[in-house]
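Examining the three-dimensional arrangement
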Amino acid sequence: MATHPSNDSPESGTQSEARSLRRLTSGGFELASYALILGAAGYGVDHWFGFQTPILAIIGLLVGFTLGFVRLIALANKLNP
């Protein structure tokens, strides 16, 4: 008679850790994508208005990193009760 693994098996712990790691990895990708998208948008607006300095691109990068870190911290707090 075959037995089914219970929730107390070591495999369930590693599966849970793998799921948490995948979620945190996706949070890292979100951080990078926020920064890249907002930085590129700022660069586009700089170019469109003809600014000599990439001030809006820098602001976009900073805002993107800030939003990405806020999202990553919220996700980490959600995973670690």
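Just above sits the structure.
For every chain, the first residue of its written sequence is number 1, and the numbers climb from 1 along that sequence. Per-residue local features of the predicted model are confined to residues with pLDDT of at least 70, and side-chain atom pairs are confined, for both listing and counting, to 80 or more; whole-chain, interface and lining totals are unaffected and use all residues. Computation of side-chain values: all heavy atoms of the structure, hydrogens and water removed.

What about a nonpolar patch on the surface?
Note the cut-off: Patch construction takes residues with relative accessible area above 30% that form no salt bridge. Like charges are linked within 9 Å, and nonpolar side chains (Val, Leu, Ile, Met, Phe, Trp, Tyr) are linked within 5 Å. Surface accessibility follows the Shrake-Rupley procedure with a 1.4 Å probe radius. Residue values consider only the protein chains on display as shielding. One speaks of a salt bridge when a side-chain nitrogen belonging to Lys or Arg is within 4 Å of a carboxyl oxygen belonging to Asp or Glu. Counting from the N terminus, the helices are the DSSP runs of H or I reaching at least four residues and the strands are the DSSP runs of E reaching at least two. Buried, partly exposed and exposed residues are distinguished by accessible area as a fraction of the type maximum, computed with a 1.4 Å probe on protein chains only: under 20%, between the cut-offs, and over 50%, respectively.
Together, Tyr34, Trp48, Phe49, Phe51, Ile55, Ile59, Val63 and Leu67 make up a nonpolar patch on the protein surface, roughly 830 Å² of accessible area in all. Elements with a minimum of two residues in the nonpolar patch: helix H1 (10-49) and helix H2 (55-79). With four residues, H2 is the largest single contributor of residues to the nonpolar patch. Structurally, the position occupied by Leu67 is in helix H2. Given a relative accessible area of 42%, Leu67 falls into the partly exposed group.

Considerations on the pattern of salt bridges
Counted under the stated rule, the structure contains one salt bridge. Of the charged contacts in the structure, one is a salt bridge between Glu30 and Arg71, with a shortest N-O distance of 2.8 Å. One end of the pair, Glu30, is in helix H1; the other, Arg71, is in helix H2, and 41 residues separate them in sequence. You can call Arg71 partly exposed: its relative accessible area is 37%.

Overview of H2
The following threshold applies: Helix span is expected to be 1.5 Å times the residue number reduced by one.
The terminal C-alpha atoms of H2 lie 36 Å apart, and with 25 residues this matches the ideal 36 Å at 1.5 Å per residue to within 8%. All of the buried residues in H2 are Ala57, Gly60, Gly64, Gly68 and Leu75.

Points about the environment of Ser33
When you line up the elements, Ser33 lands in helix H1. A residue is classified by how much of its surface remains accessible, and Ser33, at 29% relative accessible area, is partly exposed. C-alpha of Ser33 to C-alpha of Phe65: the two residues are 32 residues apart in sequence and 9.0 Å apart in space.

Let's talk about the packing of aromatic side chains
The following threshold applies: Note on aromatic pairs: the rings of Phe, Tyr and Trp (six-membered ring only in Trp) are paired at centre separations within 6.5 Å, and the planes decide the class, stacked below 30 degrees, edge-to-face beyond 60, tilted for the rest.
Taken as a whole and assessed by the stated rule, the structure comprises two aromatic pairs. Taking 5.3 Å as the distance between ring centres and 25° as the angle between the ring planes, the aromatic pair formed by Trp48 and Phe49 counts as stacked. A connected cluster of aromatic rings, assembled from ring pairs, spans Trp48, Phe49 and Phe51.

Regarding the environment of Glu30
What makes Glu30 partly exposed here is its relative accessible area of 22%. Linking Glu30 and Leu72, residues 42 residues apart in sequence, is a C-alpha distance of 8.0 Å.

Topic: a positive patch on the surface
In plain terms, the rule: None of His or the chain ends enter the tally, which takes Lys and Arg as positive and Asp and Glu as negative. Here the site of a charge means atom NZ of a Lys, CZ of an Arg, CG of an Asp or CD of a Glu.
On the surface, Arg19, Arg22, Arg23 and Lys78 cluster together into a patch of positive charge. Ranked by residue count, the leading element in the positive patch is H1, at three residues. With respect to the element layout, Arg19 can be found in helix H1.

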